[in-house]
Amino acid sequence: MTKTKPAEAHVLPLNQIIAGDCIEVMNSLPAGSVDLVFADPPYNLQLKGDLHRPDNSKVDAVNDHWDQFSSFAVYDDFTRKWLAAARRILKPNGAIWVIGSYHNIFRVGAALQDAGFWMLNDVIWRKSNPMPNFKGKRLTNAHETLIWASRDEGSKYTFNYEALKELNDGVQMRSDWVIPLCTGHERLKDENGDKAHPTQKPEALLHRVLLATTNPGDVVLDPFFGTGTTGAVAKMLGRDFIGIEREEAYRNAAAERISRVRKFDASALEITGSKRAEPRVPFGQVVERGMLRPGEELFSVGNRHKAKVRADGTLIGHDIKGSIHQVGAHYEGAPSCNGWTYWHFKRDGKMIPIDILRQQIRAEMDVDAGGRRH
């Protein structure tokens, strides 16, 4: 799986780990060829020696050479160069995610904007099990920040809103994500039983990122591949990956890890699509097809309100008449309401959302007279 650095790549090295400097490797790849970049760059922690717990035991902190820069100016120059290389290989509708800590994320954020990226969100990854502040001189650092940005202001970037909403138990996904640190069986260890990588990211974090902002078959590039969390999750989710990593030990750990990953089957990779992309179905069609009869009662979520179906596809309650959306909004005292999910009908003593009927009509619309799906 590991390859040496290419002089110039005419074909994308899909599902491979490339050895070498990320800037040089990215500059060797074809322009406009990658759908998403996920970057976990060096944080430039500026540690001034070892960290110790109160019992004087040494903390396994990040003190590797790849995280050390002689000055902020050197770090900023490195950041500008790798961001320029990443933007060149992104497709016009591509996007980037960058994760960092308070040591570097603000400098990276400014460089992103200077490079022409368009900010979409910053996301707080709140760690449910953070490492304590052993010296007791600062707040416990319990989060990291991710920045999500499109290549250009006008990019039609991928965002699977409905899938994320389903992932979040039917509630719109927020920009603060509570996910534990990588521990237990997921944490890779070397032959000595030590951490294979000091800042291995949890697969749950990458699962959410890739589910939200890529589709099966998309190409995801990680220029700081480490032990391959991005590649492992991409493979599971049916995405292609390109990893770039300088350190041989990390490449070997990543290659072994990814070789054990099983790709999900096609049906498992399907996600909830955008409602906007589905054909519009007026509630009146439900009535005229006899799926619900005029005079039949509908009940709100929790059975607190009810209304009767009228022949023209409107509803009438005790003090309101109008569309399924208008009547629902009136009862809830809300500016708007999705009547399809708000109203239910009863069958055999069970409450069934009327959206089931809309989906049946959509399924019929998706089949032509010959019985073939479009």
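As a reminder, the structure under discussion sits directly above these lines.
Summary of the structure given here.

Cut-off values and rules
Residues numbered from 1 in each chain as written. Predicted model: local features only at pLDDT ≥ 70, side-chain atom pairs only at ≥ 80, totals over all residues. Heavy atoms only, no water. Phe/Tyr/Trp six-rings, centres within 6.5 Å; stacked < 30°, edge-to-face > 60°. Helix = DSSP H or I, 4+ residues; strand = E, 2+ residues; numbered from the N terminus. Buried < 20%, exposed > 50% of the residue type's maximum accessible area, 1.4 Å probe, protein only. Lys NZ or Arg CZ within 6 Å of the ring centre and 35° of its normal. Salt bridge = Lys/Arg side-chain N within 4 Å of Asp/Glu carboxyl O. Pairing = 2+ DSSP bridges. Axes fitted to C-alpha atoms, helices over the stretch in contact; angles between N-to-C directions. Parallel < 35°, antiparallel > 145°, perpendicular 65-115°, else oblique. Left-handed = near helix turned anticlockwise from the far one by under 90°. Contact = heavy atoms within 4.5 Å. Expected span 1.5 Å × (residues − 1). Core = buried A, V, L, I, M, F, W, Y, C linked by side-chain atoms within 4.5 Å.

## Structural notes on the packing of aromatic side chains
Next, step 1: For the structure on display, the rule yields 12 aromatic pairs.
Next, step 2: Measuring from ring centre to ring centre gives 6.4 Å for Y75 and F78, while their planes differ by 50°; the resulting arrangement is tilted. Placement of the pair is Y75 and F78 together in helix α2 (residues 72–89), with a separation of three residues, close to one helical turn.
Next, step 3: According to the relative accessible area criterion, Y75 is buried, its value standing at 1%.
Next, step 4: Judged by relative accessible area, which is 16%, F78 ranks as buried.
Next, step 5: Between the aromatic rings of W97 and W148, the centroid separation amounts to 5.5 Å while the plane-to-plane angle is 5°, which identifies the pairing as stacked. Of the two residues, W97 is situated in strand β4 (residues 90–100) and W148 in strand β6 (residues 143–150); the sequence distance between them amounts to 51 residues. The pair formed by W97 and W148 is uniform in burial state, with each residue classed as buried.
Next, step 6: By way of ring pairs, the aromatic residues W97, W148, Y157, F159, Y161 and W177 are connected into one cluster.
Next, step 7: Taking NZ or CZ as reference, R87 lies 5.9 Å from the ring centre of F117, over its face.
Next, step 8: In this structure, K346 packs its charged tip against the face of F299, placed 4.5 Å from the ring centre.

## Here's the deal with the pattern of salt bridges
Next, step 1: Across all of its chains, the model carries 14 salt bridges by this definition.
Next, step 2: For D152, the salt bridge identified is with R87, shortest N-O distance 2.5 Å. Of this pair, D152 sits in the loop between β6 and α4 (161–167) while R87 sits in helix α2; the two residues are 65 residues apart in sequence, bridging distant segments of the chain.
Next, step 3: For R174, the salt bridge is made with D176, and the minimal N-O distance between the two is 2.8 Å.
Next, step 4: For D176, a relative accessible area of 35% gives the class partly exposed.

## Considering the pairing of strand β5 (residues 118–126)
Next, step 1: Relative to β6, β5 runs antiparallel, the two sharing eight bridges. Pairing of W118 across the sheet is with S150, part of β6.
Next, step 2: With three bridges joining them, β5 and strand β7 (residues 176–178) adopt parallel strand pairing. Of the residues in β7, the one forming a bridge with R126 is V178.

## What to know about the packing of helix α5 (residues 203–213) against helix α6 (residues 229–236)
Next, step 1: For the pair α5 and α6, the least separation of the axes is 9 Å and the interaxial angle reads 55°. With respect to α6, the element α5 is oriented oblique. Classified by chirality, the crossing of α6 by α5 is right-handed. Touching E203, L206, H207 and L210 of α5 are T229, T230, A232, V233, A234 and M236, all from α6.

## Let's talk about helix α7 (residues 248–259)
Next, step 1: The terminal C-alpha atoms of α7 lie 17 Å apart, and with 12 residues this matches the ideal 16 Å at 1.5 Å per residue to within 8%.
Next, step 2: Along α7, the positions that sit buried rather than exposed are Y250, R251, A253, A254, A255, R257 and I258.

## Details of the nonpolar core
Next, step 1: One finds W97, L146, W177, L205, V209 and L210 to be the most contacted residues of the largest nonpolar core, which totals 34 residues.
Next, step 2: Top contributing element to this core by residue count: α5, with five residues.
Next, step 3: In this structure, L205 is in contact with I99, W125, L146, W177 and I179, ignoring residues within four places of it in sequence.
Next, step 4: Of all hydrophobic cores here, the second largest spans 31 residues; its members include I18, V25, V37 and I147.

## Things to note about the pairing of strand β15 (residues 350–353)
Next, step 1: With four bridges joining them, strand β14 (residues 344–347) and β15 adopt antiparallel strand pairing. Following the sheet pairing, F345 is matched in β15 by I352.
Next, step 2: Counting the residues that bridge the hairpin from β14 to β15 gives two residues, and of these D348 lies at a positive phi of roughly 55°.

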